[in-house]
Amino acid sequence: MKTGMMVLVTGGAGFIGSELVGQLAAAGRRVMVLDNLATGRRENLSGTAATLVEGDVSDRAVLDSILPGVDTVYHLACVSLRRSLREPRVGHDVNATGTLILLEACRAAGVRRYVHVSSSEVYGEAETVPMTEEHRTQPTTAYGASKLAGESYARAFHRTYGFPAVMVRPFNAFGPRCHHEGDSGEVIPKFLLLALAGRPMVIYGDGTQTRDFTHVSDIARGIRLAGKCDEAIGETINLGSGKEISMLGLAEEVARIAGRPRAEVIHEAARPGDVRRMCAGAGVARKLLGFEPSVGLRAGLMGLKEWYE
Ligand SMILES: NC(=O)c1ccc[n+]([C@@H]2O[C@H](COP(=O)([O-])OP(=O)(O)OC[C@H]3O[C@@H](n4cnc5c(N)ncnc54)[C@H](O)[C@@H]3O)[C@@H](O)[C@H]2O)c1
C-alpha cells in the first residue's frame, strides 16, 4: 500500500466501525469515516484522529468527492436487522442498493482494496453446525436477504471486473459501544443491564436457540486483517469464535458476572425469522488471516460490565 493514502470506513461511527477506526488509527493509518449517524454516534469517534464525513453511502456525489486518495475501503454502513423487519425496503435501499452504488464509485476511483462486511444472517437456519462458508445461504429475514444481495454484488464485482473485494461474515459481536436499546439493541447488553438492575432478562422463545458471540475487538481485528491479506481477495470468510451458547446459558453467564445468585428470566414470544442455531466454522479465517479470537465470552462480559460501570 502507498504510505499516506487514506482508509475509508463506512458506518465508522457505529459499534463495530468505531472499534475498527480505533484499531486502524492505532496502526498508523489515516482514517476517514462516512456515516449518516442514523445509529452511529459522533462520540464513538472521540479520541481518534479520524475525519468524519456526515453523509449517505448511497450518495454518489459525496463518494466521488471523498474517494480520490483512498486506497482501502471497509464497508460497514447498514440498516439493522430490526429496522429491516419493520421497513424491509429501507434495509434494501442501504444494504443492497447502497452497496452497489459504493462499489461502482470505488471501482471508478481505482480503490485498491475493498472489504465487504456482510453477516452470518445470510445463512438462515443452520443445516449443519458449525456453519462453514460452504453452507447454503437461505436468509430467513429481509435483513439477511439485503445483506446477501450486497455481498453478492461485491463478489460479482470481483468475478466480473477483477475488483479487489474481500467478503467477511461476522457472527454476533459484543463489547463496548454495543447498542442496548431501540432497533439495534443486542441481547448481551440488554441482558447485562437488566441483570445489573436486578430485573429479569427477557428471552424470546424457549431460550434453547444458540448464537456464536465474539468480542468486538476481535471482530474488528479480523475485518482489518482481511484488508491486508492479498490471498483473501475474492474470498468469503466467516468471523466468529466457533463456539455456540444458548440464550439460557448466556443468561446464566451474565447473572454470574452481574453478581446475581441465579439467572432470572422471563419468556416472550419468539421473534419472526429468529434462527435456532448459529455457530461459525472458523477454519478459513484461521488459515487465510491467522485469525483467532483472543477475548473469551466471560472475559468480554466482565469488560463490558466494567465499561458500563
Ligand atoms: N453487530 C453485530 O453483531 C454484527 C454481526 C454481523 C454483521 N454485522 C455487520 O457489521 C456492520 C456494522 O454493524 P454494527 O453492529 O456496528 O451496526 P451499527 O448500527 O452500530 O453501525 C452501522 C453504522 O452505519 C451507519 N449508517 C446506516 N445507514 C447509513 C447510510 N445510508 N449511509 C452512511 N452510514 C449509514 C449508522 O449510522 C451506523 O454508524 C454491519 O454491516 C452489520 O451488518 C454486525
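It should be emphasised that the depicted structure is a prediction, and the values quoted were computed from it without experimental measurement. (Residues numbered from 1 in each chain as written. Predicted model: local features only at pLDDT ≥ 70, side-chain atom pairs only at ≥ 80, totals over all residues.)

> I'm lost on the site of the ligand in this one. Help?
Gly11, Gly14, Phe15, Gly40 and Ala77 are the nearest of the 32 residues found near the ligand. Secondary-structure elements contributing two or more residues to the shell around the ligand are helix 1 (15-26), strand 2 (30-35), helix 4 (88-109) and strand 7 (172-174). No other element matches helix 1, which puts three residues into the shell around the ligand. The class makeup of the residues in the shell around the ligand is 15 nonpolar, 14 polar and three charged. (Near = placed C-beta within 6 Å. Helix = DSSP H or I, 4+ residues; strand = E, 2+ residues; numbered from the N terminus. Nonpolar A, V, L, I, M, F, W, Y, C, P; charged D, E, K, R; others polar.)

> What is the right way to read the nonpolar core from this model?
Most often, soluble globular proteins keep nonpolar side chains buried together rather than apart. Core analysis: the biggest nonpolar cluster contains 89 residues, and Phe191 and Val254 have the highest contact counts within it. Both of domain 1 (6-174 + 213-241 + 281-289) and domain 2 (182-210 + 244-278 + 297-308) provide at least three residues apiece to this core. Apart from the residues lying within four places of it in its own chain, the contact partners of Phe191 are Met201, Leu250, Ala251 and Val254. (Core = buried A, V, L, I, M, F, W, Y, C linked by C-beta atoms within 7 Å. Buried ≥ 20, exposed ≤ 12 C-beta atoms within 10 Å, placed from the backbone. Domains from an automatic or database assignment. Contact = placed C-beta atoms within 7 Å.)

> Is there a simple way to explain the pairing of strand 2 in this structure?
Remark: a regular strand shows side chains that alternate across the two faces of the sheet. Of all the six residues making up strand 2, five are buried; the element is thus mostly covered by neighbouring parts of the structure. In this sheet, strand 2 lies alongside strand 1 (residues 6-10) in parallel orientation, the contact comprising five bridges. Bridge pairing in strand 2 places Met6 opposite Arg30. Traced from strand 1 through helix 1 to strand 2, the parallel crossover comes out right-handed. Sheet topology note: the strand 2/strand 3 (residues 51-54) ladder contains four bridges and is parallel. (Pairing = 2+ DSSP bridges. Right-handed = clockwise from strand over helix to strand, strands pointing away.)

> What is the right way to read helix 5 (residues 142-161) from this model?
Think of an α-helix as turning once every 3.6 residues; residues three or four places apart then point the same way. Here helix 5 spans 28 Å end to end across 20 residues, near enough to the 28 Å set by a 1.5 Å rise per residue. Backbone geometry just downstream of helix 5 places Gly162 in the positive-phi region, at approximately 70 degrees. (Expected span 1.5 Å × (residues − 1).)

> Explain helix 1 here, please?
Taking 1.5 Å per residue as the helical rise, helix 1 with its twelve residues ought to reach 16 Å, and the 17 Å between its terminal C-alpha atoms agrees with that figure. Judged by how many residues are buried, helix 1 sits mostly within the fold: nine of twelve residues are covered. Where helix 1 is concerned, the buried positions are Phe15, Ile16, Gly17, Ser18, Glu19, Leu20, Val21, Gly22 and Leu24. Residues of helix 1 that are buried in the fold lie against strand 1, strand 2, strand 4 (70-75), strand 7 and helix 7 (216-226). Looking one or two residues past helix 1, Gly28 carries a phi angle of roughly 90 degrees, positive in sign.

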